[in-house]
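Secondary and tertiary structure notes
Okay, here's what each chain looks like letter by letter:
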Amino acid sequence: MRKAFTLIEVNLAMLIMAGGILSVVGLYALGFRENRQSREDVAATALADSVMSPLVMALSSTNVTWTSFRNLGSYPGKDGWKGYFNSNGIVTTDPQAKAQSAFTSVMGALSFDGSYDGDRSFPSSALSGSGMSCGLVVLHETDSAVVQIAFRAVKSDMFGQLMGMPLFYTEVRFQGVADK
């Protein structure tokens, strides 16, 4: 009597191997998607840093006057992120223009007692090279010593997914000088 594999055993072994190979091949698509998402997240983080850092530096400067800080408004408005969407919840235009306007408005509203050597311009060069667009919200209540800053970035061809992107958030407390 010879010892050998039966046809059923061979087919069963091939089925198990095929299942293993197909599951490994299926992981490639997941890996590619996660790699792309990781690159976008790193780019969004770098953009958040380039936009939020100058704002935080200016707002927390020790030579900002209380009058300019206390009268700082909310940008793009008191509604926060609603300013980027129409009544149907769709992004109306390129959000970067509103983000740039919010950044410029905050930097322009601050008065410094003495000099301020930080850059007051929107870091558009960082955005233009990344292929991304962003949204920026600055919320401040009159007479409050706290300013809230929120930022999101999304690939320029995906404006509609702005709210689905990670949110970068910080608060800045007044550290400036009392008015003379």
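A brief structural summary. (Residues numbered from 1 in each chain as written. Predicted model: local features only at pLDDT ≥ 70, side-chain atom pairs only at ≥ 80, totals over all residues. Heavy atoms only, no water.)

**Brief notes about the pattern of salt bridges**
Using the criterion set out here, one finds three salt bridges in the structure. Here Glu34 makes a salt bridge to Arg33, at a shortest N to O gap of 3.5 Å. Residue classification places Arg33 among the partly exposed positions, given a relative accessible area of 44%. Between Glu40 and Arg36 there is a salt bridge; the shortest N-O distance is 3.3 Å. In this pair, Glu40 and Arg36 both sit in helix 1 (residues 7-59), four residues apart, roughly one turn of the helix. On the accessibility criterion, Glu40 (10% relative accessible area) is buried. The exposure class assigned to Arg36 is partly exposed, which follows from its relative accessible area of 35%. (Salt bridge = Lys/Arg side-chain N within 4 Å of Asp/Glu carboxyl O. Buried < 20%, exposed > 50% of the residue type's maximum accessible area, 1.4 Å probe, protein only. Helix = DSSP H or I, 4+ residues; strand = E, 2+ residues; numbered from the N terminus.)

**Observations regarding helix 3 (residues 95-109)**
Helix length check: helix 3, at 15 residues, gives a terminal C-alpha distance of 21 Å against a target of 21 Å (1.5 Å per residue), a fit within 8%. All of the buried residues along helix 3 are Pro95, Gln96, Ala99, Ala102, Phe103, Val106 and Met107. Along helix 3, the residues classed as buried sweep out an arc of 125 degrees about the axis, all on the same side. At its buried positions, helix 3 is contacted by helix 1, helix 4 (124-128) and strand 1 (132-139). (Expected span 1.5 Å × (residues − 1). Arc of directions from axis to C-beta. Contact = heavy atoms within 4.5 Å.)

**Some details on the packing of aromatic side chains**
Scanning all chains against the criterion turns up six aromatic pairs. Aromatic side chains Phe69 and Phe174 sit 5.1 Å apart centroid to centroid with 55 degrees between the ring planes, which places their arrangement in the tilted category. With Phe69 in helix 2 (residues 66-70) and Phe174 in the segment after strand 3 (168-173), the pair connects residues that are 105 residues apart, well separated along the chain. The class of Phe69 is buried, set by a relative accessible area of 0%. With relative accessibility at 23%, the residue Phe174 sits in the partly exposed group. Taking 6.4 Å as the distance between ring centres and 50 degrees as the angle between the ring planes, the aromatic pair formed by Phe151 and Phe168 counts as tilted. Taken together, the residues Phe151 in strand 2 (residues 146-155) and Phe168 in strand 3 connect sequence positions 17 residues apart. Given the relative accessible area of 0%, Phe151 is considered buried. Three or more aromatic residues link up through ring pairs in this structure, and these residues are Trp66, Phe69 and Phe174. A cation sits over an aromatic face here: Arg152 above Trp81, 5.2 Å from the ring centre. (Phe/Tyr/Trp six-rings, centres within 6.5 Å; stacked < 30°, edge-to-face > 60°. Lys NZ or Arg CZ within 6 Å of the ring centre and 35° of its normal.)

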